[in-house]
Each structure stands twice: as structure tokens, then as C-alpha cells.
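Fold and contact review
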Amino acid sequence: MYYSLRTSQTSFKKPEASLCFIFKDRNLERSDLAFDRANGRCLSRARTGFDCKADTAEVTSVIASSGERILLVGLNEAAELNPDTLRRAGGGAVKALHKMGIATVRLFVNAELQKRCAAPLAGRAFGEGLGLGAFSFSEFKASKPGVRELSIYSDAAEFSAGVSAGLDLAESTNFARYLAATPPNVATTTFILNQARALARRMKNLRFSAIQGAALRTKKMVGLINVGKASESPPCMIQLDYQPKGKSKGTVLLVGKTICYDTGGLSIKPREGMRGMKYDKCGGMAVLGAMRAVSLLKPKCRVIALLPTAENSISNSAYRVDDIITYPNNVSVEITNTDAEGRLVLADGLLYGCKTFKPDAVIDLATLTGGVVVALGGFCAGYWCEDEKLRERLERASIDSGERLWRLPLNDDYRDMMKAKHADLWNSAPTRDAHPIQGAAFLSYFVDAKIPWAHVDIAGAAETEKEKAPFTPGPTGFGVRLLASLLKNWE
Ligand code: BES
Ligand code: ZN
Ligand code: ZN
């Protein structure tokens, strides 16, 4: 697939392809008619042909008498046009362009499209689709055929600027997807640490640091120490810090579960349950991707990212069921299931982050429970947030990015489920009832009650087994664009 997609400020002398948008319930738009006439009416003929239905993301390709290749990209019904349609259309278009080996494309943005969706928003969504649809993970394949670069030009300036912003967001998302897809024998804790350091070096306005080795002990990060004990790859807390130029409008803390591989530990996962557990680092990878986006968007708030990073493995030094560990806030936790490890390492991040940075808001992202996959599938992430203002911000960011959220309850009945016999809490209650909520309830004991906090369980949304336009099977980078939207205009 393409590894580089860019908008061009200058038009091409002879683009390899031109792209027009069509609606199911409309004829060719006026602005496209002149082009149609100049090309022997091949567009109108294709438009009325049997195989062109103008369904969302459907691509019809025609070759004009001049030899020019023209793609008609379907946008379904005009009245129903929304950014999601454009995102999917971008995915369809980029796949077709790549298949045809095209390196330069000119976009025609008709008036109907601009009337139905504001140009910057429409362009951004289409650009996101182009970039997201272009992702493939071929690192470990011998042949990587095809054109590698796509240059896009449109004389609709606002739309084009939108495409450019969308491509940037997609690139940050694809960075997260690429790391998420990297297998656990390569993407060890140290590998992820080096990737975060390299990102900070590239982006200039991010500062990298890490807590590892003896420092984990002095800072009493008992979750990381215990979950990471059995692995040859040492656990660590990765930190990235973005500081705005000028006066800061607050501090937001992001915490991303980064379990490089989750065997379940001694409470070992069954055969089919272990497959895909390289994706247990997706929360942290989404936070890394979001930090890349933040560094480009330059919001007015400080953003701190913490990635509690470990491998949940098995050896004779593994932490056990029945162990009791005590966090620096004096809350003790009885381990009842070593497979409920995510909450243990997130607790380190939440406690340390709240105490050290006194943030105005905290958001954690984690592939925390299989239960949320059962409940919501891959179409929404589950989220918990008891603060109305933060909830509003998240809901708005969710609509803006198309990354859907569904809220679940968190009250004292659920918090009581986490109270244990031999310690203050257990990491998993004896019943599986409400187990995604148990995860959220557990985490709530490690967040300062005065700080607005949201927990987002992305276990279902982080990965797709089937094609889910504009995504190909594999990691989706869920959360990168949600967090970017949330932070972009933080006041
Ligand atoms: N990493 C898993 C959650 C998961 C499951 C993510 C499926 C993606 C797909 C997590 O660490 C885990 O094992 N959770 C347990 C929690 C239980 C022990 C309370 C689960 O979901 O069963
Ligand atoms: Zn687990
Ligand atoms: Zn896990």
C-alpha cells in the first residue's frame, strides 16, 4: 500500500487519474458536466450504467477517449451525507487508486458535496479515509509491490486543506496501528520504550522520560513490578510530555494500557483466548499516536502520556493468585486472577499521574475486558465517566472523529463488588457479573476523586477481524483520532 500520501499545492500537468463524487439520487453535478463533455461524456455513460449504483465507497473506473482515467466515487444519498460516508469513500478510493498503480490524482469537489457538508470537515473525513485505507502491515512479507506514494491535488482550497489535516490524523493513527500489529517477539517492552523515545526525538515538542528498574521500586509501582515479573523484557513506565507555547489552559493526563503480550499469567488463557493478545498494547499505542497528533495540532493545554508497559508472562517468578500487593495510596489488592493484569498496571499510572501532575482531567484507554467485546462488539468502545463536563467533551470528540463510545454505569454497588476478604480490594470478583464494570470500579480507587476521569475500554474497537471500511483487518488505532479531537480545542 501507499506509505506516503500528500496533498499538492500545485496542480499536475497531467494527473494519472481524476476523481469525481457522485450521489445515488442525483445526476452528475453541474461542476462535473464540463469535464464530462470534454471527455466524450464518458462520465454520464458510466453514471447511467448498470454497475454504477453510487453506494458508499463504491468506485467506478472509466477511461476517457483522451486516455485519462476517471474514478467515480459513490456517496450514497445526498441528504444523508455525513463525515462517516466520506471516510469510507476515502478508504474505497485509495484501494482502487493503489490497485491501478496511480501516483497522482486530481479531485473534483462538486457544489452539492460542499452544500451537504462543510468543506474543511468533508475534506478532513475524506483525507482520513484515504490515509486509513492505505494502511497495510507488510513489514514481515517478502514482497511489497506497487506504487508507494500518492500525491493529491484539488483546486477546492478548503477541502484540500481538510484532506491534508485528515491525512495527518490518519498517519498518527497508522503509527499506532503499525506498532500494535508488530508481533510480541519484536515489540517487547524495550522496543516500545525505544519507539516512544524516537517519536519524541522526531517531534521536537515532546519530552520523553521513563521509570524503570530500581526507580520502579522507589516509586512503588507494584502493579508493573508484579505483572512484569515473569518476563525477560523488563516492565517500565513510559512518559511523554507536551507543553504548549504560551500560557497553558490546563493539564490532561492520558494513560494507556501497554501489555506487550497477555498470556493471562498463571491464570493462563485458553488456546483460542490467547490469539491476538499482541493487541493488548493497543491502549498505549493509541496514546502514543495521539501524542504524535497533539504535537502537530499544538493544543493550548499540557498533555502528559503515561504508558505502563509490561509483558504478562509465565515463569517460576510469576506473580500468583493469592498474592497481596499494596499500592502507595495504601490500598492493598488480593490477586484473584493474574489475567486481570491491565487494571493493576493502570493503577500505577493513575496514582502516579494524579499525584505528580495534578491534572484537570484523566483519560485512560485499555483493552481491559473480553466482556466489553461481548456487549458492544467492535462498533463502539465502552466508557465510564461520572463528570458531566468531561462527558460532554468526549461525546463531542466522538462525533467529530467518528470513533463511537457507549457509556456504562459506575456507582457504589459496583465499587463494593471489588472489596475483598483478605485485602482492601481484589483485582477480579468471584463472579463474572458486570466484569467490564468491575474493571472500571477497580480503577476508580486509584484516581483522585476530585479529578474528572474517564475510562475507555477499547477491547472490541481496537481490532477488527473483518474488513470494516475504511479499515482492513487488523488493528484500527481506535482512540488516536478521538483523543486528538478532544485535545485540539481544549480550553
Ligand atoms: N487483555 C484482556 C482483555 C481482552 C480480551 C482484550 C479479549 C481483548 C480481547 C484482559 O487482560 C483480560 O484478560 N481480562 C479478563 C478479565 C477477567 C479476568 C476479570 C477477561 O476479559 O476475561
Ligand atoms: Zn489479561
Ligand atoms: Zn490484558
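Predicted model, so just to flag it, every value in this text is computed and none were measured.

Before going further, it helps to examine the coordination of the zinc ion (ligand 2). Here the zinc ion (ligand 2) is held by Asp262 (OD), Asp339 (O), Asp339 (OD) and Glu341 (OE), and the distances to it run 2.0 to 2.2 Å. Viewed at the metal, the six donor atoms of the zinc ion (ligand 2) are separated by angles of 72 to 169°, and the geometry they form is irregular. Here the donor residues of the zinc ion (ligand 2) share one chain and are spaced in sequence as D-x76-D-x1-E. Here the zinc ion (ligand 3) and the zinc ion (ligand 2) are spaced 3.2 Å from one another, each receiving a donor from Asp262. Here Asp262, found in strand S10 (residues 258–262), pairs with Asp339, found in the loop between strand S13 (332–334) and helix H12 (342–357); they are 77 residues apart in sequence, far enough to count as distant.

Taken together, 18 residues surround ligand 1, and among them Lys269, Asp280, Asp339, Glu341 and Gly370 come closest. Take Leu368: an N or O atom from its main chain is 3.3 Å from a nitrogen atom of ligand 1. In this structure, Arg432 approaches ligand 1 through a side-chain N or O atom, which is 3.2 Å from an oxygen atom. When the free accessible area of ligand 1 is taken as 510 Å², the share hidden by the protein chains comes to 85%. When its residues are assigned to classes, the shell around ligand 1 shows four nonpolar, six polar and eight charged.

Looking at the secondary structure, you find Val287 in helix H11 (residues 282–297). Its relative accessible area of 0% is what places Val287 among the buried residues. As a C-alpha pair, Val287 and Lys298 span 11 residues in sequence and 16 Å in three-dimensional space. Once residues within four sequence positions are removed from consideration, Val287 is found in contact with Leu254, Val255, Gly256, Ala305, Leu307 and Leu483.

The rules we used
Residues numbered from 1 in each chain as written. Chains lettered and ligands numbered in written order. Predicted model: local features only at pLDDT ≥ 70, side-chain atom pairs only at ≥ 80, totals over all residues. Heavy atoms only, no water. Donors = N, O, S within 2.8 Å, 3.2 Å for Na, K, Ca; no water. Tetrahedral: all angles 85-135°; square planar, octahedral: opposite > 155°, others 65-115°. Helix = DSSP H or I, 4+ residues; strand = E, 2+ residues; numbered from the N terminus. Near = heavy atom within 4 Å. Polar contact = N/O pair within 3.5 Å; in protein donor to acceptor, adjacent residues only side chain to side chain. Areas by Shrake-Rupley, 256 points an atom, 1.4 Å probe, with all protein chains shown as cover. Nonpolar A, V, L, I, M, F, W, Y, C, P; charged D, E, K, R; others polar. Buried < 20%, exposed > 50% of the residue type's maximum accessible area, 1.4 Å probe, protein only. Contact = heavy atoms within 4.5 Å.

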